[in-house]
Amino acid sequence: MVRTSERDKGPIRVGALFSETGVTSTIGHSQLQGTLLAIDEINAAGGVGGREIVPVICDAQSSPARYALLAEHLITKEKVNVIFGCYMSSSRKAVLPVIEKWNKLLFYPTLYEGFEFSNNIIYTGAAPNQNSVQLAEFMTANFGGRVYLIGSDYIYPYESNRIMADLVSQRPDSKKLAERYLALDAGMADFAAIMQDIRLQRPDFIFSTVVGDSTASLYRAYAEAGFDPKTMPIASLTTSEAEISQMGWDVAAGHYTSAPYFQSIDSESNRGCLARLRRRFGSECVPNLCWESAYFQMHMFANAMRESGSDEIAQIMPHLLGSEFEAPQGRVRIDPSNHHTCLYPRIGRAEATGQFTIVREARRPVYPDPYLVTHSLGDWTAKLHEQS
Ligand code: ACM
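Draft legend 1. Molecular detail of the environment of Val 80. You can see Val 80 is positioned in the loop between α3 (64–76) and β3 (82–85). Sequence separation between Val 80 and Pro 55 is 25 residues; the distance between their C-alpha atoms is 9.6 Å. Here Val 80 is in contact with Arg 13, Val 14, Gly 15, Val 56, Leu 74, Ile 75 and Lys 104, once residues within four sequence places are set aside.

Okay, here's the thing in structure tokens:
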């Protein structure tokens, strides 16, 4: 006789491993809220086959080493099979060997530098062919190809800057003027020194791969230097509504971000989701691209588990791969061959209202190409996924 264990009937415990403190806590907090909103919705609709999802929440304090320790703790002590979490790529790189060692599943809701695949990860943020390729085309077409690269000192900025420099170099008259890295806790004085160099070099645009709290210092140092975003804007993949709320809306106005999601997306699904978020958490949450990924990936997990009846990776993975969901950004799909997600590239220009005006957007989802095998510059409709 096959016995259903208590574990298969009781609540579904899942790990929620984000940073509620430390330099990336603004985004981490919003990712946790996206996760919790989706869990509330799933549970209110009867859970997964009558079983509630219960998050085991751990604060990784923006420390990659702590991420690894907590992933081990969640798996070995809390007995979770699935972890939702990580923002900085350094934290994902720290968690990856733990997840693989125990053969568990990580959902990663963050844009990143690509060039990675794990059988144990589902990637729901943008790969470089879904944000960098479009941003390179937009910036070089509208401002020129002389780019100044500034980043935080860790793997995502190194790799993302390398990709941006490669993409920009496909245009005539392009030039990488400089590539500078600052600590994650860099302040105004550090960025002010870079602004002096920028004044001398006069790039057409600045590409920022700065993340977390120091993003505000970068944009403020730019404003204090008296530069004009109309002629030399900052372009980024990580400066979202959350960072803009930290730096001040007026400071951000005129700069550009490439992302699949902005709060300003004019769709019923997005408006409804934002209204539910505000009812649940008040106005204190600042939704952004990573919040949205955290939200929709939890729903995709629950839908797959309804079909598999189990959150064990071997059972649930076939139901995740190829699955689709009506997300606030549009209908997304997890690609079966590379575990990344079909998403909608968009370019937003920050306004003094704290919102982005969407100045360019893909009409159809763009297939994820994390190794940049088939992309071409300015590829907005690229390879729709083949239905499999
Ligand atoms: C990042 O580190 N993937 C933003």
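Draft legend 2. Quick peek at the confidence of the model for the protein. Across the protein, pLDDT averages 95, with 95% of residues at or above 70. Long-range and interchain partners of residues 382–388, a stretch whose pLDDT sits below 50, account for 15 contacts in this model, where long-range means more than four residues apart.

Draft legend 3. Examining the pairing of β3 more closely. Burial along β3 is two-sided: Val 82 and Phe 84 facing one way and Ile 83 and Gly 85 facing the other are all buried. With three bridges joining them, strand β1 (residues 12–18) and β3 adopt parallel strand pairing. Each bridged residue has a counterpart across the sheet, and for Leu 17 the counterpart in β3 is Gly 85. Where β3 meets strand β4 (residues 105–108), three bridges bridge the pair, whose relative direction is parallel. Bridge pairing links Val 82 to Leu 105 in β4.

Draft legend 4. Fine view of helix α8 (residues 214–224). With eight of 11 residues buried, α8 lies mostly within the body of the structure. Every buried residue of α8 is accounted for by Ser 214, Thr 215, Ala 216, Ser 217, Leu 218, Tyr 219, Ala 221 and Tyr 222. Residues of α8 that are buried in the fold lie against β6 (146–152), α7 (188–201), β8 (205–209), β9 (234–236), α9 (241–247) and α10 (249–252).

The rules behind the values
Throughout, residues of each chain are indexed from 1 in the direction in which the sequence is written. This being a predicted model, a pLDDT of at least 70 is required before a residue's local features are given, and a value of 80 or more before pairs of side-chain atoms are given or counted; all residues contribute to the totals for chains, interfaces and linings. Working from all heavy atoms in the structure, the side-chain values ignore hydrogens and water. Helix and strand assignments follow DSSP, with helices taken as H or I runs no shorter than four residues and strands as E runs no shorter than two, numbered in order from the N terminus. When checking whether two residues touch, look at their non-hydrogen atoms; a contact exists if any pair is within 4.5 Å. The pLDDT value tells you how sure the predictor is about a given residue, anywhere from 0 up to 100. Type-normalised accessible area, obtained with a 1.4 Å probe on protein chains alone, sets the label of each residue: buried when under 20%, exposed when over 50%, and partly exposed for intermediate values. For two strands to be treated as a pair, DSSP must find at least two bridges joining them.

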